[in-house]
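If you want the building blocks of each chain, they are given just below.
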Amino acid sequence: MKHPYEQYYKLHLATLLVAVVLAIVALFNLGHQWIILFMFYILAAGLAIEAFIELKKQQLVSCISQLLRAIVLFIFVTILYF
């Protein structure tokens, strides 16, 4: 029997995997800072997906916590880049 939120967990894992790959690529291409920006945006999206999972499980405090982390990361990285 499948877990009801298995697709969301797979999506969350995929975002983390893409972020790790982008981090490794960014280590070798330090001249392309947009890769690092994209990596942090992917991490923020992963946190937002995790917040959505918590919302579906009706754990509102954890959902708000994850969503605030995603928003803070997104704003902070955007301010640093631009």
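For the structure itself, consult the block above.
What this report covers is the structure whose coordinates are included nearby. What you see is a predicted model, and the numbers here were worked out from it, not measured in a lab.

Our focus in this paragraph is the nonpolar core. By size, the foremost hydrophobic cluster in this structure holds six residues: Ala19, Leu22, Ala26, Ile35, Met39 and Ile42. Within the residue set of this core, elements represented by two or more residues are α1 (6-28) and α2 (33-56). Excluding residues within four positions of it along the chain, isoleucine 42 makes contact with Thr15, Val18, Ala19 and Leu22.

As a further point, take helix α3 (residues 60-81). Its 22 residues place the ends of α3 31 Å apart at the C-alpha level, agreeing with the 32 Å of an ideal helix rising 1.5 Å per residue. Listed as buried for α3 are Cys63, Gln66, Ala70, Leu73 and Val77. Within α3, the buried residues cover an arc of 100° as seen down the axis, which keeps them to one side. Facing away from the buried surface of α3 by more than 90 degrees, the exposed residues are Leu60, Val61, Val72, Phe76 and Ile79.

Below, the discussion takes up α1. In this model α1 runs 34 Å from its N-terminal to its C-terminal C-alpha over 23 residues, within 8% of the 33 Å that 1.5 Å per residue would give. Listed as buried for α1 are His12, Thr15, Ala19, Leu22 and Ala26. Looking at the buried side of α1, the elements it contacts are α2.

With that out of the way, let us pick up the environment of valine 25. Structurally, valine 25 is set in helix α1. Among the residues examined, valine 25 registers a relative accessible area of 32% and is labelled partly exposed.

Moving on, we come to the pattern of salt bridges. Opposite charge on two side chains permits pairing when their charged atoms draw close. All told, the structure shown has two salt bridges when counted by the stated rule. In this structure, lysine 10 and glutamate 6 form a salt bridge, with 3.4 Å as the shortest nitrogen-oxygen distance. Residue lysine 10 and its partner glutamate 6 are both found in helix α1; the two are separated by four residues, about one turn of the helix. Here lysine 57 ties to glutamate 54 by a salt bridge, and the two come within 3.6 Å at their closest N and O atoms. Note on glutamate 54: relative accessible area 10%, which makes it buried.

Cut-off values and rules
Residues numbered from 1 in each chain as written. Predicted model: local features only at pLDDT ≥ 70, side-chain atom pairs only at ≥ 80, totals over all residues. Heavy atoms only, no water. Core = buried A, V, L, I, M, F, W, Y, C linked by side-chain atoms within 4.5 Å. Buried < 20%, exposed > 50% of the residue type's maximum accessible area, 1.4 Å probe, protein only. Helix = DSSP H or I, 4+ residues; strand = E, 2+ residues; numbered from the N terminus. Contact = heavy atoms within 4.5 Å. Expected span 1.5 Å × (residues − 1). Arc of directions from axis to C-beta. Salt bridge = Lys/Arg side-chain N within 4 Å of Asp/Glu carboxyl O.

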